[in-house]
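Now for the letters of each chain:
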Amino acid sequence: MSKPFGNQKRKEESKIYDKTIRSLLKELPTAFMELITGKKLSKETLKPLDIKLQKVIEREADLIVENTGTGEIYHIEFQSTNDSSMPVRMALYFYLILQNYGRAPKQYLVFVGRGECTIPSSVEIGSSKHSYKVIDLKEDVDCKALLESDNPNDWILTVLCKLDPQKTAIRTVIQKIKSIEDRRLQQKLIQKLLILAGLREEQILKLVEQEVKSMGLVIDPETNLYLKEIMEKGEIRGIKKSIKKLHIKKKLSLEEIAEILDVPLSLVKEAIEEIEKD
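Please read all numbers here as calculations on a predicted model, not as lab measurements.

Asker: Help me understand the overall build of the protein, please; the structure alone is not making it clear to me.
Answerer: Regarding its fold elements, the protein presents 12 helices and 9 strands. Counting the 278 residues in the protein, one finds 44% classified as buried. Long-range pairs, those at least 24 residues apart, make up 61% of the contacts in the protein with a sequence separation of at least 6. Surface accessibility of the protein: about 15400 Å² in total, with carbon and sulfur atoms responsible for 50%.

Take a look at the structure:
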């Protein structure tokens, strides 16, 4: 009965991770992109292209960028779960990019989830076969090059890569962030690091939290929309839980529940509708 709610929770968390990753990609983390593409790149020659691909249907890719030095187009897509629909979606992106920009992109599917990546690197559609490169960050990409980068966005992406040793790599990232004089930027980077650490094993998230606290850095969710959104959704889930208990066990009316919990009647109705769907 709790499956739909669990799936919804995963979708909400996935949106938060997507927002964070896309915000980092907008800053063109060059060292990270070199590791993914295997090409020597410079920020000066990278030209971001419109990620919205519209031709009858609309799709929004994670990153499409043109190397103005070579004319190559790179399409990078991040995936945190083993989604069986990804191979066909990668083929769809390929043809939409070809149609929009007149050139075939080099494609990279970057897996940032826990556990083993089982997404295939090709798909057969009728008589044609479409291929792209699959990279599992925690297995295939060493974080050392990112730590040597001058771009803070590269540092944040370190937490998704192979960390050896884990504590030393994480401590280096946080020390680099702490050295930034701009306190607002420092806060944003720390919070993005914490969000992306949630994609890794629990021990890595705890390690990041411990290192942040040990270096005296303050975590303030009110200054970051992503963490604020996570907290607000957590609070709403807790309220809905109470609504369901009062409705099922106490047999109270919707109005009585709204009055007891001091919440809008619309929220009570929403929670009861979820019960009925289950």
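Asker: In this structure, what is going on with the packing of helix 11 (residues 254–261) against helix 12 (residues 265–277)? I would like to understand it.
Answerer: Helix packing for two helices is described by the angle between their axes and how far apart those axes are. In contact at an axis separation of 9 Å, helix 11 and helix 12 are set at 120 degrees when each is read in the N-to-C sense. Relative to helix 12, the element helix 11 lies oblique. Note that helix 11 runs across helix 12; the crossing there is right-handed. In this structure, helix 11 contributes L254, E255, I257 and A258 to the contact, and helix 12 contributes L265, V268, K269 and I272.

Asker: Please clarify how the sheet that holds strand 9 (residues 133–136) should be interpreted in this entry.
Answerer: What holds strands together in a sheet is hydrogen bonding between their backbones, with the strands either parallel or antiparallel. Pairing in this open sheet of 5 strands is mixed, and the strands run 1-4-5-6-9 from one edge to the other. Of all strands in the sheet, those bounded by a partner on one side alone are strand 1 (46–48) and strand 9. Sheet twist, expressed as the mean angle between neighbouring strand axes with direction ignored, is 25 degrees. Here strand 6 (residues 106–111) runs beside strand 9; their pairing, made up of 4 bridges, is parallel. Paired with L109 across the strands is V134, a residue of strand 9. Sitting on the sheet, helix 2 (residues 30–37) is in contact with strand 1, strand 4 (63–67), strand 5 (73–79), strand 6 and strand 9, with an inclination near 95 degrees to strand 5. Lying over the sheet, helix 3 (residues 86–101) contacts strand 4, strand 5 and strand 6, oriented at roughly 150 degrees with respect to strand 5.

Asker: Got a minute to help me understand a positive patch on the surface in this structure?
Answerer: A surface patch of like charges, here positive, comprises K241, K245, K249 and K250. Look at K245 and you get exposed, because its relative accessible area is 52%.

Asker: Just to check I follow, could you spell out the packing of helix 8 (residues 183–197) against helix 9 (residues 202–214) for this structure?
Answerer: Following both chains from N to C, one finds helix 8 and helix 9 inclined at 160 degrees, their axes separated by 8 Å at the closest point. Viewed along their axes, helix 8 and helix 9 adopt a mutual orientation that is roughly antiparallel. Here the hand of the crossing between helix 8 and helix 9 comes out left-handed. On helix 9, the residues that touch I190, L193, L194 and A197 of helix 8 are L205, V208, E209 and V212. Residue composition of the contact of helix 8 with helix 9, grouped by class: 7 nonpolar, no polar and 1 charged.

Asker: How should unusual backbone geometry be read in this particular structure?
Answerer: With the exception of glycine, most residues fall at negative phi, and the peptide bonds are largely trans. For the bond from D164 to P165, the omega torsion is -10 degrees, close enough to zero to count as cis. Within the fold, P165 resides in the loop between helix 6 (152–157) and helix 7 (166–178). In this model, L28 sits at a positive phi of 50 degrees, which is unusual for a non-glycine residue. Take L28: it is sitting in the loop between helix 1 (3–25) and helix 2.

Asker: Is there a simple way to think about the nonpolar core in this case?
Answerer: A general tendency of soluble globular proteins is for nonpolar side chains to be buried together. Counting 53 residues, the largest nonpolar core has F78, L137, L196 and V208 as its most contacted members. The dominant element in this core, judged by the number of residues it contributes, is helix 8, at 7 residues. Those residues in contact with F78 that lie beyond four places of it in its chain are I21, L25, F32, D62, V110, V112 and L137.

Asker: Can you help me understand helix 8 in this one?
Answerer: When the terminal C-alpha atoms of helix 8 are compared, their 21 Å separation across 15 residues agrees well with the 21 Å that a helix rising 1.5 Å per residue should span. For helix 8, the buried fraction is high: 11 of the 15 residues fall into the buried class. For helix 8, the set of buried residues is Q186, Q187, L189, I190, Q191, K192, L193, L194, I195, L196 and A197. The opening residue of helix 8, the one whose side-chain oxygen lies 3.0 Å from the backbone nitrogen of R184, is D182.

Asker: Can you help me understand the pattern of salt bridges in this one?
Answerer: Note that side chains of opposite charge can pair when their charged atoms are close. One pass over the structure, following the stated rule, counts 12 salt bridges. In this structure, R89 engages D83 in a salt bridge whose closest nitrogen and oxygen atoms are separated by 3.1 Å. Owing to a relative accessible area of 25%, D83 belongs among the partly exposed residues under this scheme. Taking the shortest distance from any N to any O, the salt bridge between E201 and R200 comes out at 3.5 Å. Judged by relative accessible area, R200 falls into the buried class, the value being 6%.

Asker: Before we go on, may I ask you to explain the packing of aromatic side chains in this structure?
Answerer: Two descriptors summarise a pair of aromatic rings, namely the distance from one centre to the other and the angle between the planes of the rings. For the structure on display, the rule yields 2 aromatic pairs. Ring centres of F32 and F78 lie 6.0 Å apart, and the angle between their planes is 15 degrees; on these two criteria the pair is classed as stacked. A residue pair is termed long-range when its members are at least 10 positions apart, and F32 in helix 2 and F78 in strand 5 qualify at 46 residues. On the basis of relative accessibility, which here comes to 0%, the residue F32 falls in the buried class.

What counts, and where the lines are drawn
Residues numbered from 1 in each chain as written. Predicted model: local features only at pLDDT ≥ 70, side-chain atom pairs only at ≥ 80, totals over all residues. Heavy atoms only, no water. Helix = DSSP H or I, 4+ residues; strand = E, 2+ residues; numbered from the N terminus. Buried < 20%, exposed > 50% of the residue type's maximum accessible area, 1.4 Å probe, protein only. Contact = heavy atoms within 4.5 Å. Areas by Shrake-Rupley, 256 points an atom, 1.4 Å probe, with all protein chains shown as cover. Axes fitted to C-alpha atoms, helices over the stretch in contact; angles between N-to-C directions. Parallel < 35°, antiparallel > 145°, perpendicular 65-115°, else oblique. Left-handed = near helix turned anticlockwise from the far one by under 90°. Pairing = 2+ DSSP bridges. Patch = residues over 30% accessible without salt bridge, like charges linked within 9 Å, V, L, I, M, F, W, Y side chains within 5 Å. Salt bridge = Lys/Arg side-chain N within 4 Å of Asp/Glu carboxyl O. Lys, Arg positive; Asp, Glu negative; His and termini not counted. Charge placed at Lys NZ, Arg CZ, Asp CG, Glu CD. Nonpolar A, V, L, I, M, F, W, Y, C, P; charged D, E, K, R; others polar. Core = buried A, V, L, I, M, F, W, Y, C linked by side-chain atoms within 4.5 Å. Expected span 1.5 Å × (residues − 1). Polar contact = N/O pair within 3.5 Å; in protein donor to acceptor, adjacent residues only side chain to side chain. Phe/Tyr/Trp six-rings, centres within 6.5 Å; stacked < 30°, edge-to-face > 60°.

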